[in-house]
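Spelled out from the first residue to the last, the chains are:
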Amino acid sequence: MTTTRVQLALNVTDLAAATTFYTALFGVPPHKRREGYANFAVEDPPLKLVLIEKPGDGEHLNHLGVEAQTPEEVTAALTRFRGAGLEATLAEQDVCCHAVQDKVFVTAPDTPTGWWEYYAVTDDLAANPEGESTSVCAVACEAKAAAAGGMCCS
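About the criteria used
- Residues numbered from 1 in each chain as written.
- Predicted model: local features only at pLDDT ≥ 70, side-chain atom pairs only at ≥ 80, totals over all residues.
- Heavy atoms only, no water.
- Helix = DSSP H or I, 4+ residues; strand = E, 2+ residues; numbered from the N terminus.
- Buried < 20%, exposed > 50% of the residue type's maximum accessible area, 1.4 Å probe, protein only.
- Contact = heavy atoms within 4.5 Å.
- Areas by Shrake-Rupley, 256 points an atom, 1.4 Å probe, with all protein chains shown as cover.
- Pairing = 2+ DSSP bridges.
- Axes fitted to C-alpha atoms, helices over the stretch in contact; angles between N-to-C directions.
- Salt bridge = Lys/Arg side-chain N within 4 Å of Asp/Glu carboxyl O.
- 1 Å grid on protein atoms, 1.4 Å probe; cavity = no way out; pocket = protein on both sides within 12 Å on 5 of 7 lines; lining within 4 Å.
- Points joined across faces, edges and corners; volume = space filled by probe spheres on them.
- Nonpolar A, V, L, I, M, F, W, Y, C, P; charged D, E, K, R; others polar.
- Expected span 1.5 Å × (residues − 1).
- Arc of directions from axis to C-beta.

**Focus on the overall build of the protein chain**
Next up, step 1: Looking only at helices and strands, the protein chain has three helices and eight strands in total.
Next up, step 2: Helices and strands appear in the protein chain in the N-to-C order β-α-β-β-β-β-α-β-β-β-α.
Next up, step 3: Sorting the 154 residues of the protein chain into buried and exposed places 46% on the buried side.
Next up, step 4: Here the analysis covers contacts within the protein chain between residues at least 6 apart in sequence; of these, 58% occur between residues at least 24 apart.
Next up, step 5: Entry remark: accessible area of the protein chain is about 7,900 Å², with carbon and sulfur atoms responsible for 57%.

**Some points on the sheet that holds strand S4 (residues 47–53)**
Next up, step 1: Ordered in space as S2-S3-S4-S1-S5-S8-S7-S6, the eight strands form an open sheet in which the pairing is mixed. The strands lining the two open edges of the sheet, one partner per strand, are strand S2 (32–34) and strand S6 (88–96). With strand direction ignored, the average angle separating the axes of adjacent strands in the sheet is 20°.
Next up, step 2: Pairing between strand S1 (residues 5–12) and S4: seven bridges, direction parallel.

**Here we look at the pattern of salt bridges**
Next up, step 1: Under the defined criterion, the tally for this structure stands at four salt bridges.
Next up, step 2: Here Arg-5 ties to Glu-67 by a salt bridge, and the two come within 2.6 Å at their closest N and O atoms. Residue Arg-5 is located in strand S1, and its partner Glu-67 is located in strand S5 (residues 61–68); the two are separated by 62 residues in the primary sequence. Residue Arg-5 shares its accessibility class with Glu-67, and that shared class is buried.
Next up, step 3: It is possible to trace a salt-bridge network through shared partners that takes in Arg-5, Glu-43, Lys-48 and Glu-67.

**Topic: empty space enclosed by the protein**
Next up, step 1: Throughout the structure, instances matching the rule amount to one cavity of 30 Å³ or more.
Next up, step 2: Its volume calculated, the largest cavity comes out at about 90 Å³.
Next up, step 3: Elements with a contribution of two residues or more to the lining of the largest cavity: strand S3 (37–42), S4, strand S7 (99–107) and strand S8 (115–123).
Next up, step 4: Broken down by element, the residue count for the lining of the largest cavity peaks at three residues, all from S8.
Next up, step 5: Partitioned by chemical class, the residues of the lining of the largest cavity number six nonpolar, four polar and four charged.

**Section: unusual backbone geometry**
Next up, step 1: A cis amide bond links Asp-44 to the next residue, Pro-45, at an omega of 0°.
Next up, step 2: With a phi angle near 60°, Asp-110 is a residue other than glycine that sits in the positive phi range.
Next up, step 3: Tracing the chain through its elements places Asp-110 in the loop between S7 and S8.

**Topic: helix H2 (residues 71–83)**
Next up, step 1: Between its first and last C-alpha atoms H2 spans 18 Å; for 13 residues at 1.5 Å apiece the expected length is 18 Å, and the two agree.
Next up, step 2: Along H2, the residues that are buried comprise Glu-73, Val-74, Ala-77, Leu-78 and Phe-81. Along the long axis of H2, the arc covered by the buried residues comes to 145°, so they all point the same way. Opposite its buried face, H2 presents the exposed residues Glu-72, Thr-79, Arg-80 and Gly-83, each directed more than 90 degrees away.
Next up, step 3: Looking at the buried side of H2, the elements it contacts are S5, S6, S7 and S8.
Next up, step 4: Positive backbone phi, approximately 85°, marks Gly-85, located one or two places after H2.

Below, the structure is given as structure tokens:
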């Protein structure tokens, strides 16, 4: 059985306060914490909650995604998306959100960045302390998101 969970990335003003709140709300501590960043792997409801500290940003929704368990699930999703006529771009071994990921960017209407991401983490301890994204696709998404007043993931 495939296990996925929706990813919701939020811009927060105070990371410590937001982390305290979401720990109490979902009853689990953060899965990962970095400077200006935290994420939660919530089992019930199935949710990957990402908090990105951006005081004064004004926009609270950063980006949307679906976290899969394996790169094979990402490849299968890419096939399904393209079969359904959706515009989808593969980014393998993308360094983003303090991890290495295989992902697909799917162009979507009415989203903060203009796309959803469907991804699987392949290395949760990436040797990239700044969390800089390295893939050509992600860099293009960052440029598109910046032009729209948002960002992919940092």
